[in-house]
Amino acid sequence: MTFDQRDPAFIADPYPAFAALREAGEVHHHEQMGIAVAVSHAACSAVLRHRSVGRIWSDVKPVEQFMAFNLLHRNSMLENEPPAHTRLRRLVAAAFGRGHVERLRPWVADLADKLVDELVAKIKDQGQGDLLAHVAAPLPVEVIAELLGVPQQDRYLLQPWSNAIVKMYEYGLPAEQQALAERASTEFVAYLRELIALRRVSPGNDLVSDLVAVTDTDGARLTEDELVATAVLLLMAGHEATVNVIGNGVYALMRHRSQWERLSPELMPTAVEELIRYDSPLQLFERTATERVEIAGHVVEPGEKIAALLGAAARDPLVFENPDVLDIGREKNQHLGFGMGIHYCLGAPLARIEVEAALSSLHRKLPGAVLAEEPNRRAEFVIRGLHSLPLSAG
């Protein structure tokens, strides 16, 4: 018993299927995807934390057709285990730790206000406006671009590149979309090499400049390929996750009116965590066994993959009281939305700032917001989100 990740009914609401799987057992083999999936919170936590189950990158084949895509992942800290991961994360964390997140906090709040003002104007003019197009999608792209120091005139390039590349994380992707992902990877790599070269001779107050300059205790630096891979990881992780937390989250709030009306500055921190839990933007995270491992009674042999089904873990009644209820004041919220263990999301503090800024501004400037029509959900399973979220003033 598993699920068909291509079934529109499942995509619309996967959570009943996840509940049935949890009732039947903590780990199941999924024939379609060819991997085991952990569905309980405990089993997913074990997958994410176990040192013998890691991110072991295997180049996409044929290698000559995916040179740039493979380069980005082969050099990414997300796709490496210690000691390579330890070195990469230490260097990137050192650059991140130079005050960039707090530097951006007021800037993000101002940007969210500007974008929500544009949405409100659109609604006044045309009766409805798309939250994704006007707020959820542009906000994280602008934030990551500002963080990296991408010039204003080039920022329009980033979102299409990210959208194309992340499609590769889905199962059974058609060849033409794989080709588009490689093309986007190639263009992004070339662009970042130029930006890095510029920052070597003309550094600024941005993360790319700090990544270029940062050195390890032994004087080692990030290689250029590692710099490129880090910048792309920050965009893809920071963009896709934040877009879908805002989109999925506001959709959930529109369908649970009492929770929308309950929103307040005091509840905003717990509301952000609850929206990440309630409808996870990343539903599945793969790991590979480096030696024989047993997860909740399921044996994973060396080289075999097992996935943490984060959407299922987020509704586990053994961890969350009334897990199918949206409760923006929920205090005991051990969701796995930012991962766990050594791969815990380095950008989590920045993502929280972005989501809170968007929610705060929307609730303040458009308190009577309602769904103008039912949104169109994306067909992908791993990255869960909407194509659009039309709102009106109510």
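Placed above this text is the structure.
The text that follows walks through the structure, step by step, so that each part is easy to find. From a predicted model like this one, the values you see are computed outputs, not experimental measurements.

Scoring rules and cut-offs
- Residues numbered from 1 in each chain as written.
- Predicted model: local features only at pLDDT ≥ 70, side-chain atom pairs only at ≥ 80, totals over all residues.
- Heavy atoms only, no water.
- Core = buried A, V, L, I, M, F, W, Y, C linked by side-chain atoms within 4.5 Å.
- Buried < 20%, exposed > 50% of the residue type's maximum accessible area, 1.4 Å probe, protein only.
- Contact = heavy atoms within 4.5 Å.
- Pairing = 2+ DSSP bridges.
- Helix = DSSP H or I, 4+ residues; strand = E, 2+ residues; numbered from the N terminus.
- Axes fitted to C-alpha atoms, helices over the stretch in contact; angles between N-to-C directions.
- Parallel < 35°, antiparallel > 145°, perpendicular 65-115°, else oblique.
- Left-handed = near helix turned anticlockwise from the far one by under 90°.
- Nonpolar A, V, L, I, M, F, W, Y, C, P; charged D, E, K, R; others polar.
- Salt bridge = Lys/Arg side-chain N within 4 Å of Asp/Glu carboxyl O.

## Looking at the nonpolar core
So, point 1. The biggest cluster of nonpolar side chains holds 113 residues, and the ones touching the most others in it are Leu 131, Leu 139, Val 250, Leu 362 and Phe 381.
So, point 2. Excluding residues that lie within four positions of it along the chain, Leu 362 makes contacts with Val 116, Leu 119, Leu 131, Val 250, Trp 260, Pro 367 and Leu 391.
So, point 3. Judged by nonpolar contacts, the second largest core, of 18 residues, contains Ala 43, Val 53, Phe 285 and Ala 313.

## Considerations on the sheet that holds strand β4 (residues 129-130)
So, point 1. What the three strands build is an open sheet, ordered β4-β10-β9; its pairing is antiparallel. Two strands close off the open sheet at either side, each with one partner strand: β4 and β9 (370-371).
So, point 2. Taken together, the two bridges between β4 and strand β10 (residues 390-392) define a ladder with antiparallel strand orientation. Paired with Gly 129 across the strands is Leu 391, a residue of β10.

## Let's talk about the sheet that holds strand β8 (residues 305-309)
So, point 1. Spatial strand order, β1-β2-β8-β5-β3: five strands in an open sheet with mixed pairing. Across the chains shown, the open sheet's two edge strands, defined by having one partner strand only, are β1 (27-30) and β3 (53-54).
So, point 2. The pairing of strand β5 (residues 284-289) with β8 spans five bridges and is antiparallel. Residue pairing across strands places Phe 285 opposite Ala 308, the latter belonging to β8.
So, point 3. Contacting β1, β2 (35-38), β3, β5 and β8, helix α3 (residues 41-49) runs over the sheet at an angle of about 130 degrees to β8.

## Brief notes about the packing of helix α9 (residues 158-166) against helix α10 (residues 175-201)
So, point 1. In the contact formed by α9 and α10, the axes pass within 8 Å of each other and the chain directions differ by 135 degrees. Accordingly, the angle class assigned to the pair α9 and α10 is oblique. Classified by chirality, the crossing of α10 by α9 is left-handed. When α9 is examined against α10, the residues Leu 158, Trp 161, Ala 164 and Ile 165 are found in contact with a partner set consisting of Leu 180, Ala 181, Ala 184, Ser 185, Glu 187, Phe 188 and Tyr 191.
So, point 2. Each residue belonging to the contact of α9 with α10 can be placed in one class, and the counts come to nine nonpolar, one polar and one charged.

## As for the pairing of β8
So, point 1. Where burial is concerned, most of β8 is hidden: four out of the five residues are buried.
So, point 2. As paired strands, β2 and β8 are joined by three bridges and run parallel to one another. Opposite Val 37, over in β8, you have Ala 307 as the bridge partner.

## Regarding the pattern of salt bridges
So, point 1. Taken as a whole and assessed by the stated rule, the structure comprises 27 salt bridges.
So, point 2. Residues Arg 155 and Glu 142 are paired through a salt bridge, measuring 3.0 Å at the closest nitrogen-oxygen approach. In this pair, Arg 155 sits in the loop between α8 (138-148) and α9 while Glu 142 sits in helix α8, placing the two residues 13 residues apart along the sequence.
So, point 3. Residue Glu 142 is classed as buried on the basis of its relative accessible area, which comes to 18%.
So, point 4. Note that Glu 224 and Arg 193 form a salt bridge whose closest N and O atoms lie 2.8 Å from each other. Residue Glu 224 is found in helix α12 (residues 224-255), and its partner Arg 193 is found in helix α10; the two are separated by 31 residues along the sequence.
So, point 5. A residue is classified by how much of its surface remains accessible, and Arg 193, at 27% relative accessible area, is partly exposed.
So, point 6. Overlapping salt bridges bring together Arg 193, Arg 200, Glu 224 and Asp 225 as one network.

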